[in-house]
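Take a look at the letters that make up each chain.
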Amino acid sequence: MNRIELLAPAGDMERLQMAAAYGADAVYLAGNTFGMRSFAGNFSPEELKTAVALCRSRGVRVHVTCNTMPRNDETARLPQWLEYLEELGVDAVILADVGVLALAKRHAPHVQCHISTQASIVNYQSARAWHDLGASRVILARELSLDEIREIRAKTPPELEIEVFAHGAMCVSYSGRCLLSNYMTGRDSNRGACAQPCRYQYALMEEKRPGEYFPVYEENGETYIMNSRDMCMIDHVAELMEAGVDSLKLEGRAKSAYYAAIVTGAYRHAIDAAAAGAPLDPVWRDEVEHISHRHYSTGFFYGPPGQFTENARYVRDWQIVAKVTSCDGEGNAILTLNNKFSVGDELELVGPDVRPQALTVEALWDGDGLPLEEVRRPQMVFCMKLPCQVPPLSLLRRKADLSP
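Below is a short write-up of the structure. (Residues numbered from 1 in each chain as written. Predicted model: local features only at pLDDT ≥ 70, side-chain atom pairs only at ≥ 80, totals over all residues. Heavy atoms only, no water.)

Of the regular secondary structure elements, the protein chain holds 10 helices and 22 strands. Its C-alpha atoms give the protein chain a radius of gyration of 22 Å, near enough to 22 Å, the size a compact globule of 404 residues would have. Across its three principal axes, the protein chain shows a C-alpha extent of roughly 65 × 60 × 45 Å. Out of the 404 residues in the protein chain, the part that is buried amounts to 54%. Once local pairs closer than 6 in sequence are excluded, the contacts in the protein chain between residues at least 24 apart make up 69%. Looking at the protein chain, you have 41 positive and 53 negative side-chain charges, and the mean spots of the two groups are 4 Å apart. (Helix = DSSP H or I, 4+ residues; strand = E, 2+ residues; numbered from the N terminus. Rg over C-alpha atoms; globule rule 2.2 N^0.38 Å. Buried < 20%, exposed > 50% of the residue type's maximum accessible area, 1.4 Å probe, protein only. Contact = heavy atoms within 4.5 Å. Lys, Arg positive; Asp, Glu negative; His and termini not counted. Charge placed at Lys NZ, Arg CZ, Asp CG, Glu CD.)

If you walk across this open sheet you meet the eight strands as 17-16-22-13-14-21-18-19, and the pairing is antiparallel. Looking at strand neighbours, the two that pair on one side only are strand 17 (354–360) and strand 19 (371–372), the edges of this open sheet. Two elements, strand 18 (residues 364–366) and strand 21 (residues 381–385), share two bridges in a ladder whose sense is antiparallel. Along strand 21, the bridge assignment pairs Asp 366 with Phe 382. Sheet contacts for helix 9 (residues 257–275): strand 13 (318–327), strand 16 (346–351) and strand 22 (395–399); angle to strand 22, the most-contacted strand, approximately 95°. (Pairing = 2+ DSSP bridges. Axes fitted to C-alpha atoms, helices over the stretch in contact; angles between N-to-C directions.)

What follows deals with the pairing of strand 14 (residues 332–337). Direction of pairing for strand 13 relative to strand 14: antiparallel, over a ladder of five bridges. Paired with Val 324 across the bridge in strand 14 is Leu 335. The turn linking strand 13 back onto strand 14 is made up of four residues, and Gly 331 within it adopts a positive phi angle of 90°. Summarising the sheet, strand 14 and strand 21 pair through five bridges and their orientation is antiparallel.

Turning our attention to the packing of helix 1 (residues 13–21) against helix 9. Helix 9 packs onto helix 1 with a crossing angle of 15° between their chain directions and a minimal axis gap of 8 Å. The angle between helix 1 and helix 9 places the two elements in the roughly parallel class. Seen from above, helix 1 lies across helix 9 with right-handed handedness. Contacts between helix 1 and helix 9 involve Glu 14, Arg 15, Met 18 and Ala 19 on the former and, on the latter, Ala 257, Ala 260, Ala 261 and Thr 264. Residue composition of the contact of helix 1 with helix 9, by class: five nonpolar, one polar and two charged. (Parallel < 35°, antiparallel > 145°, perpendicular 65-115°, else oblique. Left-handed = near helix turned anticlockwise from the far one by under 90°. Nonpolar A, V, L, I, M, F, W, Y, C, P; charged D, E, K, R; others polar.)

Further remarks concern the side chain of Asp 230. Locating Asp 230 in the fold gives a position in strand 10 (residues 230–232). At 4.2 Å, Lys 255 is the nearest oppositely charged side chain to Asp 230, a buried residue that forms no salt bridge. Aside from chain neighbours lying at most four places away, what touches Asp 230 is Gly 168, Ala 169, Met 170, Lys 255, His 293, Arg 294, His 295, Tyr 296 and Ser 297. (Salt bridge = Lys/Arg side-chain N within 4 Å of Asp/Glu carboxyl O.)

Attention now goes to the pattern of salt bridges. Oppositely charged side chains can form a pair if their charged atoms are brought close together. Taken as a whole and judged by the stated rule, the model has 22 salt bridges. The shortest N-O distance in the salt bridge between Glu 14 and Lys 323 comes to 3.1 Å. Separated by 309 residues along the polypeptide, Glu 14 in helix 1 and Lys 323 in strand 13 bring together distant segments of the chain. Look at Glu 14 and you get partly exposed, because its relative accessible area is 32%. Assessed through its relative accessible area of 16%, Lys 323 is described here as buried. Three or more residues are tied together by salt bridges with common partners; here these are Glu 5, Arg 61, Arg 137, Glu 161, Glu 163 and Lys 249.

Positive phi, close to 60°, is recorded for Asp 353, a residue that is not glycine. Relative to the elements of secondary structure, Asp 353 occurs in the loop between strand 16 and strand 17.

Moving on, we come to the packing of aromatic side chains. Under the defined criterion, the tally for this structure stands at two aromatic pairs. Pairing Trp 81 with Tyr 84 gives two aromatic rings, centres 6.1 Å apart and planes at 35°, and the pair type is tilted. Taken together, the positions of Trp 81 and Tyr 84, both in helix 3 (residues 72–88) and three residues apart, correspond to about one turn of that helix. Considering the side-chain rings of Phe 341 and Phe 382, the 5.7 Å spacing of their centres and the 70° angle between planes classify their relative orientation as edge-to-face. With Phe 341 in strand 15 (residues 341–342) and Phe 382 in strand 21, the pair connects residues that are 41 residues apart, well separated along the chain. For the residue pair Phe 341 and Phe 382, the accessibility class agrees, reading buried in each case. (Phe/Tyr/Trp six-rings, centres within 6.5 Å; stacked < 30°, edge-to-face > 60°.)

Attention now goes to the packing of helix 1 against helix 2 (residues 45–58). In contact at an axis separation of 11 Å, helix 1 and helix 2 are set at 10° when each is read in the N-to-C sense. Considering the angle they form, helix 1 stands roughly parallel to helix 2. Side by side, helix 1 and helix 2 meet where Met 13, Leu 16, Gln 17, Ala 20 and Ala 21 of the first sit next to Glu 47, Thr 50, Ala 51, Leu 54, Cys 55 and Arg 58 of the second. Here the residues of the contact of helix 1 with helix 2 are counted per class, giving seven nonpolar, two polar and two charged.

Take a look at the structure:
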């Protein structure tokens, strides 16, 4: 069966560290410009240099997004940026504009060119054309079925890699080509600044009756008429591999470090199980239910996913409370605090290749070894005994309804 890459989101250094620790083969990230997620933390030039060095030490590949549609003034700045990426030795640049591709071939000749999902590649002829222009990979549009992907694989050069999104948020518009945010808020959705107005609740107002609002209903009184569901293909990784997909991409550069850790770890186990021809252990399948998400679907892989019209709420049932910085063979751990908790609380421990396990907090100590009843100051360093030795960046979490 085709060996598949796990490509995880890295919105900032903390999220990159989590993705690498929890099993990513590659990460995708952005500099301060030219990327499609301007509200992720992103990386300054110096931070990017550090990020590449970290990934090199872990054997993780680095893909840098450059997939906005640049205007003239931005295009003039691109050569310098591309030359810097070449100097750093990043593995790939993700782009959507044919002019950016031409510049990348000239100014970063040793960096692979991956064609973004923003290019809306939905047929084999388009994929072939990008390959003829020098692309080594195409990231297919989310709107394709698995059968269409199989046909694209069969009718494109075998050296052209195929990447698909397998988990995360889906845009209500075709491959993200939406102008609602531009029109309503002045934030350009195709230049990394979408305000997600498709998630708003709308009402109808007649022009001669200002101030009189009439609810907009579909079936059964629902009012969220453009509310796309999240994609989740963790149960179908083997089918993606069988279809000839080379890279499985997780959406979420603007999401939390906790999200980056848990979703990466879950899909790491799913890929490894599929490669071994084994079923996925249900404990890892259940992990994708522990992250913030909208109601899941299988995207367009098996037909249109439909909208979820009851509400626009995220499902948020778990909260990270602390992160492990070190832990000895007897489970004596040093941690940093994210959210307060107390002696006697029921928590859950999870980490890189660590099966989730419940625990009761029996004792806490500060950095000087003095006992504590509660830890409550964000980022404070404290100590506690864990049930077993775990690696750094393991997490303590608790069940909590955080849905807005």
